[in-house]
2 protein chains.
Amino acid sequence: MRMLINVPETVVADGLRGMAAAHPDLSVDVDNRVVVRRDAPVEGKVGLVSGGGSGHEPLHGGFVGPGMLSAACPGEVFTSPVPDQMVRAATAVDSGAGVLFIVKNYTGDVLNFDMAAELAEDEGVRVGKVLVNDDVAVVDSLFTAGRRGTGATLFVEKIAGAAAEEGAPLERVEAIGRQVNESARSFGVALSAVTTPSKGSPTFDLPDGELELGIGIHGEPGRERRAMMTSREIADFAVNAVLEDLNPSGPVIALVNGMGATPLLELYGFNAEVQRVLAERGVAVARTLVGNYVTSLDMAGCSVTLCQVDEDLLRLWDAPVQTPALRWGR
Amino acid sequence: MRMLINVPETVVADGLRGMAAAHPDLSVDVDNRVVVRRDAPVEGKVGLVSGGGSGHEPLHGGFVGPGMLSAACPGEVFTSPVPDQMVRAATAVDSGAGVLFIVKNYTGDVLNFDMAAELAEDEGVRVGKVLVNDDVAVVDSLFTAGRRGTGATLFVEKIAGAAAEEGAPLERVEAIGRQVNESARSFGVALSAVTTPSKGSPTFDLPDGELELGIGIHGEPGRERRAMMTSREIADFAVNAVLEDLNPSGPVIALVNGMGATPLLELYGFNAEVQRVLAERGVAVARTLVGNYVTSLDMAGCSVTLCQVDEDLLRLWDAPVQTPALRWGR
């Protein structure tokens, strides 16, 4: 146990208290577990609400702010938030223009967001929904019917968030969110297992000297386990797995994402290999983001997400964003 | 070995290639190991150059850009860069207004930056220097005469960088850098040892269930080793250690820094405890930064840096910055 915590039971609440102290731009309701843009609801603007189990930080709370999410609902570690949180978030951010739920495809999240959508609509909030299911590693898994939702969530939240900030109506924001999800695919690799606070030991066994190709962000099994590979070999495998499923006819945005415990120096080195494979495959890269964005607590490893963009999606990607974890533009 | 690398020998070069691909705003000279603001030299502006061993990313390359460093010189992992790199950086960024070297207090860095200052002056570059020595854990250590330089480096680079961006002359930028260093103190804690690529195994032995109080950013020994403590207890120890040495009469900026492998969720929770101790001790907190900024590869753990600020330093802290790792304002 090498955790910087008090007791497992308070990890999420402690994290929210610390987030509130660090980010006065956010309104953090620690008791009800909702993180909201302080200026919400924004007159005439569609609200964007996401959420999911904790342990993937900065996703989702770190993406709340102008140009991205209006609110986030953190669940317990690796556990879906409950409908009450989502309804509270939806009513807090709805200006009358409606709210888009951005839902990673895990059974608990899907059920709870569906229930929350019904409850919010009962309270007069128009609700749209985008299901994120970008992970090409496996179809169906421990917590999923169909593909898992991982790195593409960042693209959906950023690009749909920019559209909402520009004043697009709910139907358009929802359509853009779906377009982004359909344009994005991911593949992840674990170099170590993940330890949750409540278990206190690795949730799966990954012997030293082996890696797991196609890992999920909760440590769900991937495609296969192999003897340790070089950064070059991992990039070949991961990028090719993505490109088997996504055949981009135009430029992509590349997210080279750390799982949590892999040093930034290594992620940059891995990015060099990812860019090499993309160049070899003739895929143009419009933008690249390298860092820990969609994590799995203390897991070592990485994932690659590619998102094909047209001019409009690229413009929305470049639009200003002011959140704890993504900030650029005015 | 759970590293995302090709071979240990190319880790730094691979990282620089990946950084170049991700950040077109930077000019990255992979062969000569210098990262420079693309628009350098900026007419009339003092240049800021820092550097040090690799393995502490995003420090220093991630802090190159408008409002912060003009250039960074990465050495091999945990090894000082050489004078040639520093001279190359200094001549690349000097507009005639002079260059400030920001040097963490490690024997190799100090010697090499001193030599580089002489060589650069021979080439007609005026050079100022700030030595960063904020770590209160130990006086003298494995690689240091006097205190080690750690988290305060970020404050010196940001605040002196903002002064330079405003057009302050070299003497003033240097004086501000020194004032920041004198106003800042740090204390770090390791929950696990660090593994360097060349060694391939932990550089020191830290049994599971123990932590090291006062660790250095290369895994240098700290003050003492104890049985695992809670986040609350660690915050009490670390903040009190800093406040024994720094007696702030005004507000501070708090950096709650991850060593590399500690999840952001835990760092936020730790921040809640740091803020509690500061409130108990009557220290006002003007700004807080939480994340992995001055790291030690895959070490788990954290450090706390407090920097006392007056109105002018706080204004310079808030001034716009556009670097890979710190971005805010216009």
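The rules behind these values
- Residues numbered from 1 in each chain as written.
- Chains lettered and ligands numbered in written order.
- Predicted model: local features only at pLDDT ≥ 70, side-chain atom pairs only at ≥ 80, totals over all residues.
- Heavy atoms only, no water.
- UniProt positions renumbered as here; feature names shortened; annotations may be inferred.
- Helix = DSSP H or I, 4+ residues; strand = E, 2+ residues; numbered from the N terminus.
- Rg over C-alpha atoms; globule rule 2.2 N^0.38 Å.
- Buried < 20%, exposed > 50% of the residue type's maximum accessible area, 1.4 Å probe, protein only.
- Contact = heavy atoms within 4.5 Å.
- Areas by Shrake-Rupley, 256 points an atom, 1.4 Å probe, with all protein chains shown as cover.
- Lys, Arg positive; Asp, Glu negative; His and termini not counted.
- Charge placed at Lys NZ, Arg CZ, Asp CG, Glu CD.
- Least-squares fit on C-alpha atoms with pLDDT ≥ 70 in both.
- Pairing = 2+ DSSP bridges.
- Axes fitted to C-alpha atoms, helices over the stretch in contact; angles between N-to-C directions.
- Phe/Tyr/Trp six-rings, centres within 6.5 Å; stacked < 30°, edge-to-face > 60°.
- Parallel < 35°, antiparallel > 145°, perpendicular 65-115°, else oblique.
- Nonpolar A, V, L, I, M, F, W, Y, C, P; charged D, E, K, R; others polar.
- Patch = residues over 30% accessible without salt bridge, like charges linked within 9 Å, V, L, I, M, F, W, Y side chains within 5 Å.
- Salt bridge = Lys/Arg side-chain N within 4 Å of Asp/Glu carboxyl O.

- As recorded in an unreviewed UniProt entry, chain A goes by the name phosphoenolpyruvate--glycerone phosphotransferase, listed as coming from Streptomyces niveus.
- Database annotation for chain A, UniProt heading Catalytic activity (unreviewed entry): "dihydroxyacetone + phosphoenolpyruvate = dihydroxyacetone phosphate + pyruvate".
- Recorded in UniProt under Pathway (unreviewed entry), the annotation for chain A is "Polyol metabolism; glycerol degradation."

**So, the overall build of chain A**
- Along the backbone of chain A there are eight helices and 14 strands.
- Scaling as 2.2 N^0.38, a compact globule of 330 residues should have a C-alpha radius of gyration of about 20 Å, and chain A matches this with 19 Å.
- Considered along the principal axes of its C-alpha atoms, chain A spans approximately 55 × 50 × 35 Å.
- Taking all 330 residues of chain A together, the buried fraction comes to 65%.
- Expressed as a percentage of contacts within chain A between residues at least 6 apart in sequence, the contacts between residues at least 24 apart total 73%.
- Carbon and sulfur atoms provide 49% of the accessible area of chain A, an area that totals close to 10,900 Å².
- The positive charge centre, built from 27 side chains, and the negative charge centre, built from 44, are 3 Å apart in chain A.

**Some remarks on the relation of the copies chain A and chain B**
- Between chain A and chain B, the superposition needs a rotation of 180 degrees and an axial shift of 0.0 Å, giving an RMSD of 0.0 Å. The two molecules are tied by a two-fold rotation axis, judged by turn and shift. Judged by C-alpha distance, Ala261(A) is the residue of chain A that lies nearest the rotation axis, at 2.0 Å.
- By residue overlap, the copies meet face to face through one surface: 100% of the interface positions of chain A are interface positions in chain B.

**Observations concerning the sheet that holds strand β5 (residues 99–104) of chain A**
All names here are of chain A.
- Reading across from one edge, β1-β2-β4-β3-β5-β6 is the order of the six strands in this open sheet, with mixed pairing throughout. Pairing within the sheet leaves two strands with one partner each, and these edge strands are β1 (26–29) and β6 (127–132). Across this sheet, the average inter-strand angle for adjacent strands is 20 degrees, counted without regard to direction.

**Side note on the UniProt feature "domain: DhaK" (unreviewed entry) in chain A**
- Per the UniProt record, "domain: DhaK" (unreviewed entry) is found at residues 7–328 of chain A.
- Secondary structure over residues 7–328 of chain A splits into 33% helix and 24% strand, and the C-alpha atoms at its two ends are 36 Å apart.

**A few points about the packing of aromatic side chains**
Residues and elements named next belong to chain A.
- Following the criterion strictly, the structure yields eight aromatic pairs over all chains and no others.
- Residues Trp317 and Trp328 carry aromatic rings whose centres are separated by 5.3 Å and whose planes lie at 55 degrees to one another, so their mutual orientation is tilted. Placement of the pair is Trp317 in helix α8 (residues 311–318) and Trp328 in strand β14 (residues 327–328), with a sequence separation of eleven residues. Each member of the pair, Trp317 as well as Trp328, is classed as buried.
- An aromatic cluster of at least three residues, connected via ring pairs, comprises Phe155, Trp317 and Trp328.

**Here we look at the packing of helix α4 (residues 152–165) of chain B against helix α8 (residues 311–318) of chain B**
All names here are of chain B.
- Direction vectors running N to C along α4 and α8 enclose 90 degrees, while the axes themselves pass 8 Å from each other. Between α4 and α8, the angle is such that the two are roughly perpendicular. Residue-level inspection shows Leu154, Phe155, Lys158, Ile159, Ala162 and Ala163 of α4 in contact with α8, the latter providing Leu313, Leu316 and Trp317.
- Considered class by class, the residues forming the contact of α4 with α8 number eight nonpolar, no polar and one charged.

**Some details on a negative patch on the surface**
- The grouping of Glu118(A), Glu121(A), Asp122(A) and Glu123(A) at the surface amounts to a negative patch.
- With relative accessibility at 56%, the residue Glu118(A) sits in the exposed group.

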